Amino acid sequence: RIKNDGKGSAAFFNSSMEREALARMKIEQSLRLAILEKRFCCAFQSKVDIRTQAVKGIEALVRLRDDEGVIQAPGSFIDLASELGLIDELTHLVLAEIVKSIDPINDTFGADATISINVAAKQAGNPEFMRSFAQALQDTGFPQRFMIEVTEDAFVAKNHFQAEILPMFRKLGVGISIDDFGIGYSSLSALADITADEIKIDRSFITDIHKRPRSQGILRAIESLSEALGMTVIAEGLESFEELAYLQAATKIRYAQGYYFARPIFLEELKLATPASSESRGSVSARPMQQN
Ligand code: C2E
Ligand code: MG
Ligand code: MG
Ligand code: MG
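Residues numbered from 1 in each chain as written. Chains lettered and ligands numbered in written order. Predicted model: local features only at pLDDT ≥ 70, side-chain atom pairs only at ≥ 80, totals over all residues. Heavy atoms only, no water.

### So, the coordination of the magnesium ion (ligand 2)
A four-donor tetrahedral metal ideally has 109.5 degree angles, and a six-donor octahedral metal ideally has angles of 90 or 180 degrees. Taken together, the protein donors to the magnesium ion (ligand 2) comprise Glu-59 (OE), Asn-118 (OD1), Glu-149 (OE) and Asp-179 (OD), at separations of 2.1 to 2.2 Å. Here the donor residues of the magnesium ion (ligand 2) share one chain and are spaced in sequence as E-x58-N-x30-E-x29-D. Metal-to-metal, the separation of the magnesium ion (ligand 2) and the magnesium ion (ligand 3) is 4.0 Å; Asp-179 coordinates the two. Pair noted here: Asn-118 is in strand β4 (residues 114-118) and Asp-179 is in strand β6 (residues 175-181), with a separation of 61 residues, a long-range link. Looking at Asn-118, the relative accessible area reads 28%, which means it is partly exposed. (Donors = N, O, S within 2.8 Å, 3.2 Å for Na, K, Ca; no water. Helix = DSSP H or I, 4+ residues; strand = E, 2+ residues; numbered from the N terminus. Buried < 20%, exposed > 50% of the residue type's maximum accessible area, 1.4 Å probe, protein only.)

Written out as structure tokens, the structure reads:
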């Protein structure tokens, strides 16, 4: 109730606004500090061949350690980091972290595994950032190992992303992946105009796919279009044996990424072989495991 019809409610409204503003300032401050102090880390989750269980690639998923040492998932800070203009720096830091960890990454997932980095749609439409990021990828000396994951909105946005920015990455051998496909604003037919190597079907279509005829229809449509366009399809968020069984029996989809095969894991914890944290219980190999 925003209507200010009495002293009591106005006071309540003001103090709750104040509290909200204060809480936001606190989050902003701790985010700036976390990035300044490089208090972040990457968890890696594998993309698995559902027939052979070989690791095709991995995705770097950033986490922040807050002031109290608690690890925060990106859902709580990515949008804010983007608003505050901190996301570009964060993305460069993620790349630097990967380069620093390349030996354990190769030991754990194989030296052929592609390495995916998420790029927010807003970043993708910013030529200045994308140029500096392409340069940083080239500077690693192994740009062809990398893929960038960008949501579909970036591909249909009216900017230079498709025409100028993407070719620059392709020239370096960096793979292009469409993330969370199906929940953005692009139509299926927009896919025909998109140049990408990989398409990741959003988790919302994969959850309980075996029980949902409408999702099955959508999946079939995405699958046949992707096949025609030469894009690799990845099912995101695969959590259960039933979902896997459906993909195997009713589709030609070959790759999946989800808790069923592997949770995101921290490399340091593997090296130290400490008791598993909530995120590292996932098996390193692609062996199916119980969800926890
Ligand atoms: P995304 O790129 O779509 O990444 C997949 C998300 O789904 C990850 O969440 C992952 O932990 C989660 N996930 C994987 N398998 C399953 C499953 O079987 N079930 C369920 N329920 N979830 C699963 P996370 O790590 O919290 O990341 C959320 C989003 O934050 C990412 O979605 C991505 O859009 C963004 N993000 C992560 N790291 C970065 C980064 O370095 N830069 C940018 N710009 N965005 C990032
Ligand atoms: Mg992603
Ligand atoms: Mg995704
Ligand atoms: Mg997502």
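Now that the structure has been shown, the text picks up again.
### Here's the deal with the pattern of salt bridges
Scanning the entire structure with this criterion turns up twelve salt bridges. Across the salt bridge formed by Glu-28 and Arg-24, the nearest N and O atoms sit 3.2 Å from each other. Within this pair, Glu-28 and its partner Arg-24 are both found in helix α1 (residues 7-36), separated by four residues, close to a single helical turn. The residue Glu-198 makes a salt bridge to Lys-47 at a minimum N-O spacing of 2.8 Å. With Glu-198 in strand β7 (residues 198-201) and Lys-47 in strand β1 (residues 40-49), this pair connects stretches of sequence that are 151 residues apart. Judged by its relative accessible area of 1%, Glu-198 is buried. The class of Lys-47 is buried, set by a relative accessible area of 0%. (Salt bridge = Lys/Arg side-chain N within 4 Å of Asp/Glu carboxyl O.)

### Quick notes on the packing of aromatic side chains
Throughout the structure, instances matching the rule amount to five aromatic pairs. Between Tyr-260 and Phe-261, the ring centres sit 5.1 Å apart and the planes meet at 85 degrees, which makes this aromatic pair edge-to-face. Directly above the aromatic system of Tyr-255 lies the positively charged group of Lys-56, at a separation of 5.3 Å from the ring centroid. A cation over a ring is seen here: Arg-263 above Tyr-259, with NZ or CZ 4.0 Å from the ring centre. (Phe/Tyr/Trp six-rings, centres within 6.5 Å; stacked < 30°, edge-to-face > 60°. Lys NZ or Arg CZ within 6 Å of the ring centre and 35° of its normal.)

### Overview of the packing of helix α3 (residues 87-100) against helix α6 (residues 127-139)
Direction vectors running N to C along α3 and α6 enclose 10 degrees, while the axes themselves pass 11 Å from each other. Taken together, the axes of α3 and α6 lie roughly parallel to each other. The residues of α6 that touch α3, namely those facing Asp-88, Thr-91, His-92 and Leu-95, are Phe-129, Ser-132, Phe-133, Ala-136 and Leu-137. Among the residues forming the contact of α3 with α6, the class breakdown is five nonpolar, three polar and one charged. (Axes fitted to C-alpha atoms, helices over the stretch in contact; angles between N-to-C directions. Parallel < 35°, antiparallel > 145°, perpendicular 65-115°, else oblique. Contact = heavy atoms within 4.5 Å. Nonpolar A, V, L, I, M, F, W, Y, C, P; charged D, E, K, R; others polar.)

### A short note on the site of ligand 1
In the region of ligand 1, 24 residues are neighbours, and Arg-63, Asn-118, Asp-179, Glu-239 and Tyr-259 sit closest. A distance of 3.2 Å separates a nitrogen atom of ligand 1 from a polar atom in the backbone of Val-62. Asp-179 has a polar side-chain atom sitting 2.8 Å from an oxygen atom of ligand 1. For ligand 1, the accessible surface in isolation is 800 Å², of which the surrounding protein chains cover 83%. Of all the secondary-structure elements, those providing two or more residues to the shell around ligand 1 are β2 (55-65), α3 and β6. Class assignment of the residues belonging to the shell around ligand 1 gives a composition of eleven nonpolar, five polar and eight charged. (Near = heavy atom within 4 Å. Polar contact = N/O pair within 3.5 Å; in protein donor to acceptor, adjacent residues only side chain to side chain. Areas by Shrake-Rupley, 256 points an atom, 1.4 Å probe, with all protein chains shown as cover.)

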